[in-house]
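# Observations on the model geometry
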Amino acid sequence: MLTEARYHRGVPLETTDETFGPLRVSADIAENGPALRRRLAEDGYLYLPGYLDRELVLEARRGELQLFHDLGYLDPDQPLMDGVISEQYRGEAANPYGEPELQKSTKRNQALRNVLYDGRMIDFYRMLFEEKVRAFDFTWHRAKTDSQETASNPHCDIVFMGRGSHRLCTSWTPLGDIPTEMGGLIVLEGSSHLDHVKSTYGTLDVDRYCTNYDDAAEIEEGTKVWQDWVKNGAYNNNAFETRQELGGRWLTTDYAAGDLLVFSMFTMHASMDNHTDRFRLSTDTRYQPASEPVDERWIGDEPIAHGPDGKVGLIC
């Protein structure tokens, strides 16, 4: 049982047996495609501790942290692999991946590419989908500091990437050991079966905008990403309130390098506050059956992502 105090953006989460608990481990069915599909349909996620090559993941971590070090984000007096945040960025919502030098870090870090787009990861999805796999070309990098502002708000991924296959899955891959005090991912139990959420929030496309709203020109020019009513794609900015409204338990664990967490597009998730002095490193990557339509925002050498070319205007 996880009973220690846990927080989301400074707000304590309930940690009773009825409100907070451990992820269900699926290591026993890790090589059984039919069982994995049933479990994913049932739980909305699959947690596979130690499924990936730990040493390769740590090699990928070293490559990322070396870039952080070279840009001054790490404490130079501490071991590189500890990822200790430099005094300058302590308590700040610093994002090393905003630096031009890091924007193409996946292509520069071959070990990371091997973890995310080859080997065990792709083998897993071939088994899950029973066909060839299409991975998004865009890699989401996360480097969470001890600032409360860096915790992810409760959301489902469908609102960001729902123009293609809805069999799309997310892999959340910790790049290092992430104990709960470092603010790992939390998954809302049973959330993938909430039809009233799917039929309302789950139909949102964050890149649709209203051409008759005052801020339409800013969105078309690219000076503004989303209209105000989108709320950055979040279902709620408060994980405590989200669980109270939707029920279930927030589920998490002490993650380790080599672990793999997979979840569906309609699975509600968030992250907790990082209460350490170290960067919490992870990646989000997406995979789908190759035979199904793909969201055009996330493919190609230079994906358009949430930029102006990905916007769809309509009269509201």
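Below you will find a few notes about this structure. (Residues numbered from 1 in each chain as written. Predicted model: local features only at pLDDT ≥ 70, side-chain atom pairs only at ≥ 80, totals over all residues. Heavy atoms only, no water.)

## Digging into the overall build of the protein chain
Counting its regular elements, the protein chain contains 9 helices and 14 strands. Taking 2.2 N^0.38 as the reference for a compact globule, 316 residues should give roughly 20 Å; the C-alpha atoms of the protein chain span a radius of gyration of 19 Å, in line with that estimate. Projecting the C-alpha coordinates of the protein chain onto the three principal axes gives extents of approximately 55 × 45 × 40 Å. Within the protein chain, the fraction of its 316 residues that count as buried is 55%. Sequence separation of 24 or more characterises 78% of the internal contacts of the protein chain that already satisfy a separation of 6 or more. Summed over its atoms, the accessible surface of the protein chain is roughly 13700 Å², and 47% of this surface lies on carbon and sulfur atoms. Here the protein chain contributes 33 positively and 53 negatively charged side chains, and the mean placements of these two sets differ by 5 Å. (Helix = DSSP H or I, 4+ residues; strand = E, 2+ residues; numbered from the N terminus. Rg over C-alpha atoms; globule rule 2.2 N^0.38 Å. Buried < 20%, exposed > 50% of the residue type's maximum accessible area, 1.4 Å probe, protein only. Contact = heavy atoms within 4.5 Å. Areas by Shrake-Rupley, 256 points an atom, 1.4 Å probe, with all protein chains shown as cover. Lys, Arg positive; Asp, Glu negative; His and termini not counted. Charge placed at Lys NZ, Arg CZ, Asp CG, Glu CD.)

## Some words on the packing of helix H4 (residues 110–117) against helix H5 (residues 119–129)
Taken N-terminus to C-terminus, the directions of H4 and H5 make an angle of 15°; their axes are 4 Å apart at the nearest point. On the basis of the axis angle, H4 is roughly parallel to H5. Where H4 abuts H5, its residues Asn114, Val115, Leu116 and Tyr117 lie against Gly119, Met121 and Ile122. (Axes fitted to C-alpha atoms, helices over the stretch in contact; angles between N-to-C directions. Parallel < 35°, antiparallel > 145°, perpendicular 65-115°, else oblique.)

## Concerning the state of the cysteines
Under the definition given, this model contains 1 disulfide. Between the sulfur of Cys210 and that of Cys316 lies a disulfide, 1.8 Å long from S to S. The sign of the -85° torsion about the S-S bond sets the Cys210-Cys316 disulfide as left-handed. Here Cys210, found in strand S9 (residues 208–210), pairs with Cys316, found in the segment after strand S14 (312–314); they are 106 residues apart in sequence, far enough to count as distant. Look at Cys316 and you get partly exposed, because its relative accessible area is 47%. Not part of a disulfide, Cys169 finds its nearest cysteine sulfur in Cys156, a span of 13 Å. The exposure class of Cys169 is buried, given its relative accessible area of 3%. (Disulfide = S-S within 2.5 Å.)

## Points about the packing of aromatic side chains
All chains considered together, the criterion is met by 17 aromatic pairs. Between Phe68 and Phe279, the ring centres sit 5.2 Å apart and the planes meet at 70°, which makes this aromatic pair edge-to-face. Here Phe68, found in helix H2 (residues 54–70), pairs with Phe279, found in the loop between strand S12 (269–271) and strand S13 (280–289); they are 211 residues apart in sequence, far enough to count as distant. Residue Phe68 shares its accessibility class with Phe279, and that shared class is buried. An angle of 15° between the planes, with centres 4.4 Å apart, marks the rings of Tyr125 and Tyr287 as stacked. Here Tyr287 lies in strand S13 and Tyr125 lies in helix H5, a separation of 162 residues in the sequence. Looking at Tyr125, the relative accessible area reads 0%, which means it is buried. Given a relative accessible area of 0%, Tyr287 falls into the buried group. Following the ring pairs from residue to residue traces out a cluster consisting of Tyr51, Tyr117, Phe124, Tyr125, Phe129 and Tyr287. One Lys or Arg, Arg120, reaches over the ring of Tyr51 and ends 3.8 Å from the middle of that ring. (Phe/Tyr/Trp six-rings, centres within 6.5 Å; stacked < 30°, edge-to-face > 60°. Lys NZ or Arg CZ within 6 Å of the ring centre and 35° of its normal.)

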